[in-house]
Amino acid sequence: MDVKVAESWKNELKSEFEKEYFEKLTSFVKQEYRSQTIYPPGKEIFRAFDQCDFDRVKVVILGQDPYHGPGQANGLCFSVREGVPFPPSLVNIFKEIKADLGKDIPPHGSLDRWAEQGVLLLNATLTVRAHQAGSHQNKGWEQFTDAVIHHLASQRTGIVYLLWGSYAQKKAAFLNTNENLVLKSPHPSPLSAHRGFFGNGHFSKANQYLSQQGKETIDW
């Protein structure tokens, strides 16, 4: 199957695109776009990969579902395009960066600049129905995004994995903590941020590790 995704990822994942579950997933997603309001826009489903080549991944942040409100989801987890109000989890991410690194909260919520520096902003499920959180779970996306993490884990080392909340932590339970930096904390959602996301220092710890690896740090 010819999936429109960045060439470096296509080479890594081509065997995945040929599997039966992925063909079923593709049929389901196409039908949903024809009959429902689905986010993100179809051309942005694989944007996390287009913005961050396989060989350039330095940090992985795992989300769960795309945002399901109008104009929010843009293919990068936690990110919204310029001009869209910050969702609560993103507000808390920026608050933690300010507390951790002293950086002012930016004027917009687009995280493209992170992706361009090597941060893979990956949701477990890459599509969702409008106003229906979790509506595209258990359709095959999770198997695909598990495969993405397995490919990274088996071929790349020295990556920082930021796992916020139990869902992300379960999804990446197999990561080798001797060959990568795996940082865990509660999710930045207002429901859980005060239980340990605030004060986790993940952004400075990530940069410290990258620096020790001889890699350029991320301008968060």
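Asker: Break down helix α8 (residues 202-212) for me, citing the residues and quoting the values.
Answerer: Structurally, the α-helix is built with 3.6 residues per turn, so residues lying three or four positions apart point the same way. Turning to α8, its buried residues are H202, F203, A206, N207, Y209 and L210. Taken down its axis, α8 places every buried residue within 160° of arc, on the same side. Of the residues one or two after α8, G214 is the one with positive phi, at around 75°.

Asker: Account for the nonpolar core, with residues named and values stated.
Answerer: W9, I61, W114, L120, F144 and W220 are the most contacted members of the largest nonpolar core, which has 68 residues in total. The contact partners of W114, leaving out residues within four places of it in the chain, are I61, I93, F94, I97, V119, L121, F203, D219 and W220.

Asker: Hey, could you go over the pattern of salt bridges for me, with residue numbers and the actual values?
Answerer: Within the structure shown, the criterion is met by eight salt bridges. The residue K19 makes a salt bridge to E16 at a minimum N-O spacing of 3.2 Å. Since its relative accessible area comes to 38%, K19 is described here as partly exposed. For the salt bridge of R81 with E44, the shortest nitrogen-to-oxygen distance reads 3.1 Å. Of this pair, R81 sits in the loop between β2 (59-63) and α4 (88-101) while E44 is found in the loop between β1 (38-39) and α3 (47-50), placing the two residues 37 residues apart along the sequence.

Asker: An account of the sheet that holds strand β5 (residues 160-164) is requested, with residue identities and associated values reported.
Answerer: The four strands lie next to each other as β3-β2-β5-β6, forming an open sheet whose pairing is parallel. Strand pairing shows two members of the sheet lacking a second neighbour, β3 (119-123) and β6 (181-185), which therefore form its edges. Within the sheet, the average angular offset between the axes of one strand and its neighbour, ignoring direction, is 15°. By the bridge criterion, five bridges tie β5 to β6 in an arrangement that is parallel. If you follow L163 over to β6, its bridge partner there is K184.

Asker: Help me get a handle on the layout of surface pockets, residues and values and all.
Answerer: Space inside the largest pocket adds up to approximately 560 Å³. The greatest single-element share of the lining of the largest pocket, amounting to three residues, is contributed by helix α7 (residues 166-171). Looking at the lining of the largest pocket, its residues break down into 15 nonpolar, 13 polar and one charged. In this model, the second largest pocket occupies a volume close to 400 Å³.

Asker: Explain the side chain of S89 to me, and be specific about the residues and the numbers.
Answerer: Considering the arrangement of structural elements, one finds S89 in helix α4. We classify S89 as buried; its relative accessible area is 12%.

Asker: I'd like a rundown of helix α6 (residues 141-155), residues and numbers included.
Answerer: Its 15 residues place the ends of α6 21 Å apart at the C-alpha level, agreeing with the 21 Å of an ideal helix rising 1.5 Å per residue. Along α6, the residues that are buried comprise W141, E142, F144, T145, A147, V148, I149, H151 and L152.

Asker: Report on the packing of α4 against α8, specifying residues and quantitative values.
Answerer: Interhelical geometry of α4 versus α8 gives an angle of 60° and a closest axis separation of 8 Å. The orientation of α4 relative to α8 falls into the category oblique. Residues I93, E96, I97, D100 and L101 of α4 form the contact with α8, whose participating residues are H202, F203 and S204. Considering only residue class, the contact of α4 with α8 consists of four nonpolar, two polar and two charged.

Asker: Go over the pairing of β5 with me, naming the residues and quoting the values.
Answerer: In terms of burial, β5 is a largely internal element, five of the five residues being buried. Of the two faces of β5, the one lined by V160, L162 and W164 and the one lined by Y161 and L163 are each fully buried. Strand direction decides the pairing type here: β2 and β5, joined by three bridges, are parallel. Bridge pairing in β5 places I61 opposite L162. Taken together, β5, α7 and β6 form a β-α-β motif whose crossover is right-handed.

Conventions and cut-offs
- Residues numbered from 1 in each chain as written.
- Predicted model: local features only at pLDDT ≥ 70, side-chain atom pairs only at ≥ 80, totals over all residues.
- Heavy atoms only, no water.
- Buried < 20%, exposed > 50% of the residue type's maximum accessible area, 1.4 Å probe, protein only.
- Helix = DSSP H or I, 4+ residues; strand = E, 2+ residues; numbered from the N terminus.
- Arc of directions from axis to C-beta.
- Core = buried A, V, L, I, M, F, W, Y, C linked by side-chain atoms within 4.5 Å.
- Contact = heavy atoms within 4.5 Å.
- Salt bridge = Lys/Arg side-chain N within 4 Å of Asp/Glu carboxyl O.
- Pairing = 2+ DSSP bridges.
- Axes fitted to C-alpha atoms, helices over the stretch in contact; angles between N-to-C directions.
- 1 Å grid on protein atoms, 1.4 Å probe; cavity = no way out; pocket = protein on both sides within 12 Å on 5 of 7 lines; lining within 4 Å.
- Points joined across faces, edges and corners; volume = space filled by probe spheres on them.
- Nonpolar A, V, L, I, M, F, W, Y, C, P; charged D, E, K, R; others polar.
- Expected span 1.5 Å × (residues − 1).
- Parallel < 35°, antiparallel > 145°, perpendicular 65-115°, else oblique.
- Right-handed = clockwise from strand over helix to strand, strands pointing away.

Everything listed here is a matter of coordinates, which is why it stays silent on function.
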